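Here's the letter readout for the chains.
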Amino acid sequence: MNREPILQVKDLKTYFYTEDGIVKAVDGVSFELYQGETLGIVGESGSGKSVTSLTIMRLLDEKARIEGGEVIFKGKELLKLSEEEMRKIRGNDIAMIFQEPMVALNPVYTIGDQIMEAIILHQKVKESEARKIAIDLLRKVGIPEPEKRVDQYPHQLSGGMRQRAMIAMALSCRPQILIADEPTTALDVTIQAQILELMKELQREYGMALIMITHDMGVIAETADRVAVMYAGKVVEYGTVDEIFKKPKHPYTYALLSSIPRLDVEKQELKSIPGTVPDPLNFPPGCRFHPRCDFAKEECKNIDPELVEVSPGHYTACPFYKVLEGVEVK
Amino acid sequence: MTAYIIRRLLILPLILLGVTFIIFGMMQLLGPDKLLAAYVNPNVFDKLSDEELEALKDKYGLNDPLVVRYGKWLNGVLHGDLGWSVVGKTYVSDALMQRIPHTAELALYAIFPVVGVGIWLGIKAAVNRDKFIDHAIRIFAVIGWSFPDFVFGLFVLMIFYSMLGWLPPGNFSNWVEDIIKSSDFHYITHILSLDALLNGRFDIFWDVIRHLIGPIITISWLWWAYLLRITRSSMLEVLNKEYIRTARAKGLDEKVVINKHAKRNALIPVTTVGGAMIINLFAGTVIVEVIFNRVGLGSFVAQAATQLDYAAIMGGALFYSSILVIGNLIIDILYATIDPRIRLG
Ligand SMILES: Nc1ncnc2c1ncn2[C@@H]1O[C@H](COP(=O)(O)OP(=O)(O)O)[C@@H](O)[C@H]1O
Ligand code: SF4
Ligand SMILES: [Mg+2]
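Nothing here was measured: the structure is a model prediction, and the numbers come from that model.

1. Overview of the site of ligand 1
Residues and elements named next belong to chain A.
Then, in step 1: Residues in contact with ligand 1 amount to 15 residues; listed here are only the nearest, Gly46, Lys49, Ser50, Val51 and Asp61.
Then, in step 2: Take lysine 49: an N or O atom from its main chain is 2.9 Å from an oxygen atom of ligand 1.
Then, in step 3: Here ligand 1, which alone exposes 560 Å², has 72% of that area covered by the protein.
Then, in step 4: Mapped onto the shell around ligand 1, the elements with two or more residues apiece are strand 1 (7-18), strand 2 (21-33) and helix 1 (49-57).
Then, in step 5: The leading source of residues in the shell around ligand 1 is helix 1, at three residues.

2. Re the domain arrangement of chain B
Residues and elements named next belong to chain B.
Then, in step 1: The domain architecture assigned to chain B consists of domain 1 (2-89) and domain 2 (91-344).
Then, in step 2: If you average the C-alpha positions of domain 1 and of domain 2, the two centres end up 32 Å apart.
Then, in step 3: Contacts between the two partners involve 24 residues from domain 1, matched on the other side by 24 residues from domain 2.
Then, in step 4: In total, domain 1 and domain 2 occlude about 2200 Å² of area from one another, counting both sides; carbon and sulfur atoms represent 78% of this.
Then, in step 5: It is Tyr4, Leu82 and Val87 that lose the most area in domain 1 upon contact with domain 2, and together they represent 27% of the buried surface on that side.
Then, in step 6: At the boundary of domain 1 and domain 2, one finds one salt bridge.
Then, in step 7: At the surface where domain 1 touches domain 2, the tally comes to six residue pairs in polar contact (both at pLDDT 80 or more).
Then, in step 8: Elements with a minimum of two residues in the side of domain 1 that touches domain 2: helix 1 (2-28) and strand 1 (84-85).
Then, in step 9: With 12 residues, the top contributor of residues to the side of domain 1 that touches domain 2 is helix 1.
Then, in step 10: When its residues are assigned to classes, the side of domain 1 that touches domain 2 shows 17 nonpolar, five polar and two charged.

3. Remarks on the packing of aromatic side chains
Residue and element names in this part refer to chain B.
Then, in step 1: What the rule picks out here adds up to 15 aromatic pairs over all chains.
Then, in step 2: Their ring planes at 45° and their centres at 5.5 Å tell us that phenylalanine 24 and tryptophan 73 sit as a pair that is tilted. Here phenylalanine 24 is found in helix 1, whereas its partner tryptophan 73 is found in helix 5 (residues 66-78), with 49 residues between them in sequence. When sorted by exposure, phenylalanine 24 lands in the same class as tryptophan 73, which is buried.

4. A few points about helix 5 of chain B
Residue and element names in this part refer to chain B.
Then, in step 1: The end-to-end C-alpha distance of helix 5, which contains 13 residues, comes to 18 Å, matching closely the 18 Å that a straight helix rising 1.5 Å per residue would cover.
Then, in step 2: All of the buried residues along helix 5 are Arg69, Tyr70, Trp73, Leu74, Gly76 and Val77. The buried residues of helix 5 occupy an angular sector of 155° when projected down its axis, which confines them to one face. Helix 5 presents Val67 and Leu78 as exposed residues on the side facing more than 90 degrees away from its buried surface.
Then, in step 3: Lining the buried residues of helix 5 we find helix 1 and helix 15 (310-338).
Then, in step 4: A positive backbone phi angle near 80° is found at glycine 80, which sits one or two residues after helix 5.

5. Focus on the interface of chain A and chain B
Then, in step 1: With 26 residues of chain A at the interface, the matching set in chain B holds 24 residues.
Then, in step 2: Where chain A abuts chain B, roughly 2300 Å² becomes buried across the two surfaces, and 59% of that area is made up of carbon and sulfur atoms.
Then, in step 3: Where chain A meets chain B, there are four salt bridges.
Then, in step 4: Across the salt bridge formed by B:Lys250 and A:Glu117, the nearest N and O atoms sit 2.5 Å from each other.
Then, in step 5: At the junction of chain A and chain B, the tally comes to 13 residue pairs in polar contact (both at pLDDT 80 or more).

6. Details of the sheet that holds strand 5 (residues 76-77) of chain A
All names here are of chain A.
Then, in step 1: The four strands are arranged 2-1-4-5 in an open sheet whose pairing can be described as antiparallel. With one partner strand each, in any of the chains shown, strand 2 and strand 5 form the two edges of the open sheet.
Then, in step 2: Against the sheet, helix 1 contacts strand 1, strand 2 and strand 4 (64-73), and its axis sits at roughly 110° relative to strand 1.

7. As for unusual backbone geometry
Then, in step 1: A positive phi angle is found at A:Ala232, which is not glycine, with a value near 50°.
Then, in step 2: Within the secondary structure, A:Ala232 is located in the loop between strand 9 (226-231) and strand 10 (234-240).
Then, in step 3: With relative accessibility at 2%, the residue A:Ala232 sits in the buried group.
Then, in step 4: The phi dihedral of B:His190 is positive, around 70°, even though this residue is not glycine.
Then, in step 5: Here B:His190 shows up in the loop between helix 9 (174-181) and helix 10 (192-198).
Then, in step 6: B:His190 gets classed as partly exposed once you look at its relative accessible area, which sits at 47%.

8. What to know about the pairing of strand 7 (residues 177-181) of chain A
Regular strands place side chains that alternate from one sheet face to the opposite one.
Residue and element names in this part refer to chain A.
Then, in step 1: Of all five residues making up strand 7, five are buried, and the element is well covered by its neighbours.
Then, in step 2: Every second residue of strand 7 is oriented toward a common face, with Ile177, Ile179 and Asp181 on one face and Leu178 and Ala180 on the other, all of them buried.
Then, in step 3: The pairing of strand 6 (residues 94-97) with strand 7 spans four bridges and is classified as parallel. Bridged to alanine 95 within strand 7 is leucine 178.
Then, in step 4: Relative to strand 8 (residues 209-214), strand 7 runs parallel, the two being bridged by five bridges. When the bridges of strand 8 are listed, aspartate 181 appears paired with isoleucine 213.
Then, in step 5: With respect to chirality, the unit in which strand 7 leads through helix 8 (residues 189-206) into the neighbouring parallel strand 8 is right-handed.

9. A closer look at the site of ligand 2
Then, in step 1: In the vicinity of ligand 2, the residues found are A:His250, A:Pro251, A:Cys287, A:His290, A:Cys293, A:Phe295, A:Ala296, A:Cys300, A:Cys318, A:Pro319 and A:Phe320.
Then, in step 2: Here the shell around ligand 2 is built from residues that sort into nine nonpolar, two polar and no charged.

10. Observations concerning the sheet that holds strand 8 of chain A
Residues and elements named next belong to chain A.
Then, in step 1: Taken in spatial order, the eight strands line up as 6-7-8-3-9-10-12-11 in an open sheet, and their pairing is mixed. The sheet terminates laterally at strand 6 and strand 11 (308-311), the two strands that pair on one side only. Neighbour-to-neighbour, the strand axes of the sheet open up by a mean angle of 20°, direction not taken into account.

The rules behind each value
- Residues numbered from 1 in each chain as written.
- Chains lettered and ligands numbered in written order.
- Predicted model: local features only at pLDDT ≥ 70, side-chain atom pairs only at ≥ 80, totals over all residues.
- Heavy atoms only, no water.
- Near = heavy atom within 4 Å.
- Polar contact = N/O pair within 3.5 Å; in protein donor to acceptor, adjacent residues only side chain to side chain.
- Areas by Shrake-Rupley, 256 points an atom, 1.4 Å probe, with all protein chains shown as cover.
- Helix = DSSP H or I, 4+ residues; strand = E, 2+ residues; numbered from the N terminus.
- Domains from an automatic or database assignment.
- Contact = heavy atoms within 4.5 Å.
- Buried area = accessible area lost by both parts, 1.4 Å probe.
- Salt bridge = Lys/Arg side-chain N within 4 Å of Asp/Glu carboxyl O.
- Nonpolar A, V, L, I, M, F, W, Y, C, P; charged D, E, K, R; others polar.
- Phe/Tyr/Trp six-rings, centres within 6.5 Å; stacked < 30°, edge-to-face > 60°.
- Buried < 20%, exposed > 50% of the residue type's maximum accessible area, 1.4 Å probe, protein only.
- Expected span 1.5 Å × (residues − 1).
- Arc of directions from axis to C-beta.
- Pairing = 2+ DSSP bridges.
- Axes fitted to C-alpha atoms, helices over the stretch in contact; angles between N-to-C directions.
- Right-handed = clockwise from strand over helix to strand, strands pointing away.

Set out below in structure tokens:
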């Protein structure tokens, strides 16, 4: 990868100042996103994936403070832009899809109205023109009878249809980057596959870069080119999907991979990683994964592991990654 | 939407019929003698012999079976015959008609501070959560909420009438009475302040408004504080919804996010409460009219109650109930206009 990245996130830190203390939701996250590729961000719930994406979009609430880092989009440092400049980027250059299509659409406005809004805002077209674009988009995302659906309200659509409408809305201004935060988590399995397929298709057609956020390694395998694995506010492993699935270099990634249900084994239980995600108010000292790590050593409590490149483009934050060599993913 | 309104309108007569059942039922508890008193001018009533009384009971059907009596009574009600009011010294229907415009004027004006100030301040407070303006508005509301309306009304009278002489009690000054009773003054809406304007009498308009300010503040005081609290919490809840984040993620201006996406959702619960409150403003006029010594439906019904003027009480009950039923209908329609989930099922 010697191209210029379209988006660069460098050592991002976002903390929440709550009554109970400081929640270090994102605590040193870095990655690059290249034109036309899909970067997966994977990690258990609470690892800081959503906060990372909301920081990029600058959509955090007042309790949040961006403590450090840079977000560079096509040479522009987004964290330094004025609110007005940032608004021109949101929805237009960088668009976002959220997890729950049931609650991410405004219940009192029609689907069409909500899609047209962004088109009128950013593309300065007339309402009748925007309506045509909205209907075309609905057709494109596979919503039957788009002329009728455009005037319907969110509650009149099924969950899968609503997520399609969300996608249409996000794509309405042909963004260069689409951030999808668990776009299929709330949907049932067959619909999940359809939506992922649709997103891949549209990505190819629009040539946009996609950040696919999920807790599900299966979704990553399905969609991503490269992956950033997050744990407790940090990226712990970063590389191509191929490398990460075949030669994981971090015990957490290894544990995540072991928890994917396998199609070739019958009647298996859904495995999850033993132990619980650490409390972000009070992370364990040293390597934050050590209380749950099968390979932890005494010194893991005292080190602060940094990402190091172990092969071209493949990084891990475990200095003892060699213990994984020759270990089969269960 | 039209289908919804038609559906609701079709139920309306049924509900009103239910109201008449209840009121008729309560009247029956009085027994035939007292009921008769409610039909006849008392000056005549006291001079009647027993035979004449029986004849009158027959005439008014008080000896008939219940169903027949209900039918006759309802027929009377539908023709505006509600009996004789001792307190009003005239037919109940006339007594009511004379006083309704005064009370309507008071209640209608009170809606503006309640809805305008209550909702407007509630949204201001929510949008500026935990900032100075939010704290100031909330303290204001807590003070409002902690005073019973009649206590507040007495304070208003004490300060603005006794001490400052600004806001006198009553409906208008004495000099106004002669003018509005003369044939030069034309009644168009029967709402005095409006008619004064329409007659080009700004002096009368101002006098009427001066008499209205105290009662209006008193009536609306408690309610706007309540509405403010509800609006604020509803707005705060909506501002945390995901669709608000979606709206921001589109690049919309914060003003559009608040005014288009948040407000309409936040007003859904406010409509229900606010609507019920506006209906209750009519009930609230009873205390205020008594405190401020105003002519109106509220003070009339209060007087009727103390003097056991049954016909007037029942007539008032019928009127207040109808307002309640029709008011609720209007709220439901408003509710459906705001929220498509109601209207489209
Ligand atoms: N608004 C907020 N206030 C306080 N803590 C928050 C807030 N949003 C997220 N967090 C905390 O930040 C951490 C990371 O959250 P999130 O990014 O949503 O995780 P993920 O998307 O990976 O499941 C969690 O511990 C969560 O509780
Ligand atoms: S540093 Fe130690 S605890 Fe952390 S992942 Fe590596 S082996 Fe496990
Ligand atoms: Mg999340």
